[in-house]
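The chain contents come next:
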Amino acid sequence: MPQHAQNKRVCRDCDGFATVAITTGTRHPNGTRATLRVTCSTCKGTGHTVPVASLTRAGR
């Protein structure tokens, strides 16, 4: 019998690429490029979103 793996939902804002490196255009003295690491603010760098059913409701 085939076993089914749990599928995690991919973040719709970053499409699963949660952390990217952006070059600033400048170079370090050794010749390498200066980069900035930016993470997705929606999924907090995980690349996956939390299913709606697992969210808990607070209040009334």
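Quantities reported herein were computed from a predicted structural model and do not represent experimental measurements.

Focus on the pairing of strand S2 (residues 19-27)
Note that S2 and strand S3 (residues 33-39) share six bridges and pair antiparallel. The residue bridging Arg-27 from the neighbouring strand is Arg-33, located in S3. Remark: five residues form the turn of the hairpin made by S2 and S3, two consecutive strands paired antiparallel; Gly-31 in that turn has positive phi of roughly 100°.

Here we look at unusual backbone geometry
The phi angle at Asp-15 is positive, at roughly 60°, despite the residue not being glycine. You can see Asp-15 is positioned in the loop between strand S1 (9-10) and S2. With relative accessibility at 55%, the residue Asp-15 sits in the exposed group.

Some thoughts on a nonpolar patch on the surface
A cluster of nonpolar side chains, namely Phe-17, Val-20, Ile-22, Leu-36 and Val-38, defines an oily patch on the protein surface of about 460 Å² accessible area. Here Val-38 shows up in strand S3. Overall, Val-38 belongs to the partly exposed group, its relative accessible area being 37%.

Describing the confidence of the model for the chain
Close reading of the predicted structure is inappropriate where its pLDDT is low. For the chain, the average pLDDT comes to 81, and 78% of its residues sit at 70 or higher. Averaged pLDDT values over the elements of the chain bottom out at 82 in strand S4 (residues 48-49) and peak at 92 in S3.

Here's the deal with the environment of Ala-34
Its place among the elements puts Ala-34 in strand S3. Taking C-alpha positions, Ala-34 is 8.5 Å from Ile-22, a pair spaced twelve residues apart along the chain. Beyond its immediate stretch of four places on either side in the chain, Ala-34 contacts Ile-22, Thr-23, Thr-24, Thr-26, Arg-27 and His-28.

Reading the values: rules and limits
Residues numbered from 1 in each chain as written. Predicted model: local features only at pLDDT ≥ 70, side-chain atom pairs only at ≥ 80, totals over all residues. Heavy atoms only, no water. Pairing = 2+ DSSP bridges. Helix = DSSP H or I, 4+ residues; strand = E, 2+ residues; numbered from the N terminus. Buried < 20%, exposed > 50% of the residue type's maximum accessible area, 1.4 Å probe, protein only. Patch = residues over 30% accessible without salt bridge, like charges linked within 9 Å, V, L, I, M, F, W, Y side chains within 5 Å. Areas by Shrake-Rupley, 256 points an atom, 1.4 Å probe, with all protein chains shown as cover. Salt bridge = Lys/Arg side-chain N within 4 Å of Asp/Glu carboxyl O. pLDDT = per-residue confidence, 0-100. Contact = heavy atoms within 4.5 Å.

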